[in-house]
Protein chains: 2
Amino acid sequence: MSFDSIENDFADNLPDDVSGRPVSEVLVEMAEILRQAQSVLIATHVGPDGDAIGSSVGLALGLKSLGKEARVFSGSSVDGRFEGLIAAGSVETVDEEGASCLTGQFDVCVLLDTSEPARAGVLEGVIFAPGQKRICIDHHLLSGEYSFDSHLAVASSPATACLVLWLLDELEVTVEDNIARALWLALATDTGWFRFSNAGRLAFQCAERLLEGGLDPEELYGFIYGSRSGQKTRLWGRVLLEHQLALDGRLVWSVISRETLAEAGAVREDLDGAIDLLKGVKGAHTAALLSQLDDGSFKVSLRSVESIDVERVARELGGGGHAKAAGYSATGTAQEILDTLKDVLNKELDT
Amino acid sequence: MSFDSIENDFADNLPDDVSGRPVSEVLVEMAEILRQAQSVLIATHVGPDGDAIGSSVGLALGLKSLGKEARVFSGSSVDGRFEGLIAAGSVETVDEEGASCLTGQFDVCVLLDTSEPARAGVLEGVIFAPGQKRICIDHHLLSGEYSFDSHLAVASSPATACLVLWLLDELEVTVEDNIARALWLALATDTGWFRFSNAGRLAFQCAERLLEGGLDPEELYGFIYGSRSGQKTRLWGRVLLEHQLALDGRLVWSVISRETLAEAGAVREDLDGAIDLLKGVKGAHTAALLSQLDDGSFKVSLRSVESIDVERVARELGGGGHAKAAGYSATGTAQEILDTLKDVLNKELDT
C-alpha cells in the first residue's frame, strides 16, 4: 500500500485528523471516492490566498494526470503574484449565475482550505446541492457539524498543500514539476516562506519532497515575493521611514493616509506585506498598520510578534482574524484610533 | 556504521568532495582524528558570518559532549545578531599576541568555512605551525594546494553547517538543542533564510534534521532578522522610498549619503540587508546600493537578480565578490559613479 511509503519517505509521524480518525484511514477513503469519479469540481474559499489557489491547482493537475476531468473554480479573481507558479487559465472565475450552471455537472466536488460552506461563496450552492458527492481538505480548526462524504482536517498541517500532497501520494500520482510549483506556492505563502510558527518539521519535509523534481527555490521566491512595483516599494519605504513606537516600544505602528497613497502613486493593496517589515522592529510585541480608505475611515491591520493574541484585541474593536494576524475598521483621526488601540492593547499586554 | 544511517535518514545522495574522494571516506578519516584528540582549537575566516560562527560553535558543542576540550577563537568580534542563538562566551576573541600564545597548545586545529590559510587571520600561524595536526571543513570552491591532515570541501553543500552535521553524525553526537540552534544560525543565514539558489533539497533536509529537537523557527527568525533598530528601519525606509531605475528598469539603485545616515541616526552597518529589499523591485536584473563613507567616497554593493554575473562587473571596477553578490569602492559624485556602473553593466547585460 502506498501509505507505507508515505510514512517512510515523508511524514514519519502523521498528525491526527481533528475528528480523531487516523489520517491514513481518511486518505484511503478519500482516494477511493476520487478514483471512482470521472469529473471533479474543485473550489476554495472567497478571497483565495496562495494555499487556497496552489492546493486547488495542484490537486487538479494530479487528478488530470490520472485521466480525470478536474476544474478549479473561484468566485474571486486570482492574485497576480501567483501567475509565475500556475499556468494561465488554471482557475476559472465564475459569478453567481455561472456557478449555478455548474450544479449537478460533476461526480465529486472538493472544497479546499476551508470547511465552512458559506466561505465557498458563489460555489456554496453547487457543492452543497442535495445528492452531490463532496469531500473537504482543510488545515483549520473546526467548530460545527459538516456534511462531507469524506473530510480530512488536520490543524497541525502547515498548509492544505501538505494534505493534498499526501492524497496525491495515496492516489499514486507522480508529482511533476507543474504540480510541485503549485503546491510550493501554497506551502511557501502559508508559512511566510518558512518563517511563521507553522514552519515546523512537516513544512520542511513537504518542501524537500517538492524540490525532488528540481524546482529552483530562488526563482520561485522571485515570482512570489520579488516582484514589487516601484510604487509599492516607495509605499513600503514610507511605512518604514515614518514608523513610530508606543507603549514603551511594545507597539510599533505606521499610518498611510489617502494623500500618502496618492503621492506614492500606489493603491491600498500595495500595502500587503508591509506590516511584516514593521514587525521586525526591535522590542515590538505588536505591529499595527493604519491605512485610510476612500471614505476617510481606516483599516487597522494587526500582527503579533510575541505572545500577544491580536485576534482578541481586534474582536474587542469590532474585527476579527487569527491570534497572530487580525484587523478591524475604525473611524476618527489616526490619533484617536491609535489611542483606543493602545488602551485595549495595554490590557492585553498586562494579562 | 553510522554512515549508513546518515545516508538513509538525511542525505540519500551525498554530493562529492571536490577532491573526488567520497564524502563518507573523508568523514570516517576526520572523525578518527577528532576521536583521538583531547583538545581542539576551532577557527574560521576573518569577518565571520553566520555560517562561520554557527558551524564553529556547533562543532565545539558536539566535541564537548564527547568530553573533549573544544574552544572557538576569532580575531574579529561576533555580530550581535547571533547572540540569541549562541551562548555568551562561545567564541573567544584574540589579537595577534593572544593568538601566538595558542600555538602548540591543541592536539588538533580545525579551520571552518574557508580553506585559505590567509583567511584565518591572526590564527593562521597557530593552525599552520609546523607539526600541528589540522583539518578543514569548507563548502567553497578550491584553487590551490592545501596541507591538512584531513580536508572535506563540498562545494554543493548549502552551508558548512551541513558538513558539520554529517561529521557529528559520524561521531555519533546527539544533536541537542544548543547544537541545533548554532547550526540553524549557520544554515539560515547562508541560504538567506531558504531563499537563495543554494537552498535546494540538502538545505531543507538539513533544516528538517535540526528541527527534530523542537526548535521554534519563528523565534529563531526573530533573533536573526527580526530585531531591527528604529534607526535601521528608518534607513531602510529611505533606501526603498528613494530608489531609482536605470537601463530600462534593469538596474534598480539607491544612494545613502553621509547626511542621510546622520538624519536617520544610523550607521553604515545598518544598511546590511537593505539591498535584498531593493532586489525585489519588479523587472530589476541588478540592484546597486551606494553608501557614502566618512571620507566622502562610496562603497557600491551589487546584487544579481537574474543571470547577471555581478562579480565580473565589480572586478572590472576594482572590486570582487561572488556571481550573485559583489562590491567595490569608488570616488566621485554618486551620479558619476552610477554612470560608470551603467556603462559596465550595459556591456554585461548585452552579453
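Residues numbered from 1 in each chain as written. Chains lettered and ligands numbered in written order. Predicted model: local features only at pLDDT ≥ 70, side-chain atom pairs only at ≥ 80, totals over all residues. Heavy atoms only, no water.

> Can you lay out the relation of the copies chain A and chain B for me, pointing to particular residues and giving the numbers?
Both copies of the chain are placed relative to one another by a rotation about an axis and a shift along it. Structural alignment of chain A on chain B gives an RMSD of 0.1 Å, achieved by rotating through 180° and translating 0.0 Å along the axis. One copy is carried onto the other by what is essentially a two-fold rotation axis. For chain A, the residue whose C-alpha comes nearest the rotation axis is Gly237 of chain A, separated from it by 1.9 Å. (Least-squares fit on C-alpha atoms with pLDDT ≥ 70 in both.)

> Now, about the sheet that holds strand S12 (residues 325-330) of chain A: what can you tell me, with residues and values included?
All names here are of chain A. Spatially, the 6 strands line up as an open sheet ordered S7-S8-S9-S10-S12-S11, and their pairing is mixed. Strand pairing shows two members of the sheet lacking a second neighbour, strand S7 (244-246) and strand S11 (320-321), which therefore form its edges. Bridge analysis of strand S9 (residues 286-292) against strand S10 (residues 298-304) gives 7 bridges, and the strand direction is antiparallel. Of the residues in S10, the one forming a bridge with Gln292 is Phe298. On top of the sheet, helix H10 (residues 230-241) reaches strand S8 (251-256) and S9; it is set at about 135° to S8, its chief contact. (Pairing = 2+ DSSP bridges. Helix = DSSP H or I, 4+ residues; strand = E, 2+ residues; numbered from the N terminus. Contact = heavy atoms within 4.5 Å. Axes fitted to C-alpha atoms, helices over the stretch in contact; angles between N-to-C directions.)

> With reference to specific residues and values, describe the interface of chain A and chain B.
With 37 residues of chain A at the contact, the number on the chain B side is 37 residues. Across the chain A to chain B interface the summed buried area is about 3,500 Å²; carbon plus sulfur atoms make up 61%. Applying the counting rule to chain A against chain B returns 6 salt bridges. Measuring nitrogen to oxygen at the nearest pair gives 3.8 Å for the salt bridge that ties Arg201 of chain A to Glu212 of chain B. Seen at the junction of chain A and chain B, the total is 16 residue pairs in polar contact (both at pLDDT 80 or more). For the side of chain A that touches chain B, the secondary structure elements donating two or more residues are helix H8 (201-211), helix H9 (217-225) and H10 of chain A. Sort the elements by how many residues they give to the side of chain A that touches chain B and H10 of chain A lands first, with 8 residues. Considered class by class, the residues forming the side of chain A that touches chain B number 15 nonpolar, 11 polar and 11 charged. (Buried area = accessible area lost by both parts, 1.4 Å probe. Salt bridge = Lys/Arg side-chain N within 4 Å of Asp/Glu carboxyl O. Polar contact = N/O pair within 3.5 Å; in protein donor to acceptor, adjacent residues only side chain to side chain. Nonpolar A, V, L, I, M, F, W, Y, C, P; charged D, E, K, R; others polar.)

> Residue-level account of helix H6 (residues 160-170) of chain A, with values.
Across the 11 residues that make up H6 of chain A, a large majority, 11, are buried. Those residues of H6 of chain A that fall on the buried side of the exposure criterion are Thr160, Ala161, Cys162, Leu163, Val164, Leu165, Trp166, Leu167, Leu168, Asp169 and Glu170 of chain A. (Buried < 20%, exposed > 50% of the residue type's maximum accessible area, 1.4 Å probe, protein only.)

> Tell me about the domain arrangement of chain A, and please be specific about residues and values.
Partitioning chain A into domains gives domain 1 (2-225) and domain 2 (230-350). The C-alpha centroid of domain 2 of chain A is placed 31 Å from the C-alpha centroid of domain 1 of chain A. (Domains from an automatic or database assignment.)

> Lay out the side chain of Thr260 of chain B in plain terms, naming residues and giving numbers.
Following the sequence through the fold, Thr260 of chain B ends up in helix H11 (residues 258-263). Within polar-contact distance, the side chain of Thr260 of chain B engages the side chain of Ser257 of chain B at 3.0 Å.

> Summarise the confidence of the model for chain A; cite the residues concerned and give the values.
Across chain A, pLDDT averages 91, with 96% of residues at or above 70. In this model, residues 1-9 of chain A is a region of pLDDT below 50 whose contacts with residues beyond four sequence positions or in other chains number 13 contacts. (pLDDT = per-residue confidence, 0-100.)

> Lay out the pattern of salt bridges with the relevant residues and their values.
For the structure on display, the rule yields 34 salt bridges over all chains. The partner of Glu316 of chain A in a salt bridge is Lys347 of chain A, and the shortest N-O contact between them spans 2.9 Å. Here Glu316 of chain A, found in helix H13 (residues 310-316), pairs with Lys347 of chain A, found in helix H14 (residues 334-350); they are 31 residues apart in sequence, far enough to count as distant. Counted as one network, the salt bridges with shared partners bring together Asp169, Glu208, Arg209 and Glu212 of chain A together with Arg201 of chain B.

> Give a description of the packing of aromatic side chains that names residues and reports values.
Throughout the structure, instances matching the rule amount to 19 aromatic pairs over all chains. Arranged with centres 5.7 Å apart and planes meeting at 40°, the rings of Phe204 of chain A and Phe204 of chain B form a pair that is tilted. In this pair, Phe204 of chain A sits in helix H8 while Phe204 of chain B sits in helix H8 (residues 201-211), so the two residues belong to two different chains. Of the residues examined, Phe204 of chain A reaches a relative accessible area of 0% and is grouped as buried. The interplanar angle of 75° and the centroid separation of 6.1 Å between the aromatic rings of Phe73 of chain B and Phe106 of chain B together place this pair among those described as edge-to-face. Taken together, the residues span a long stretch of sequence, with Phe73 of chain B in strand S2 (residues 69-74) and Phe106 of chain B in the loop between helix H4 (96-100) and strand S4 (108-112) at a distance of 33 residues. With a relative accessible area of 2%, Phe73 of chain B lands in the buried category. Taken together, Trp184, Trp193, Phe194, Phe204 and Tyr221 of chain A together with Trp184, Trp193, Phe194, Phe204 and Tyr221 of chain B form an aromatic cluster joined through their ring pairs. Cation over ring: Arg195 of chain A sits above Tyr221 of chain B, and NZ or CZ is 5.4 Å from the ring centre. (Phe/Tyr/Trp six-rings, centres within 6.5 Å; stacked < 30°, edge-to-face > 60°. Lys NZ or Arg CZ within 6 Å of the ring centre and 35° of its normal.)

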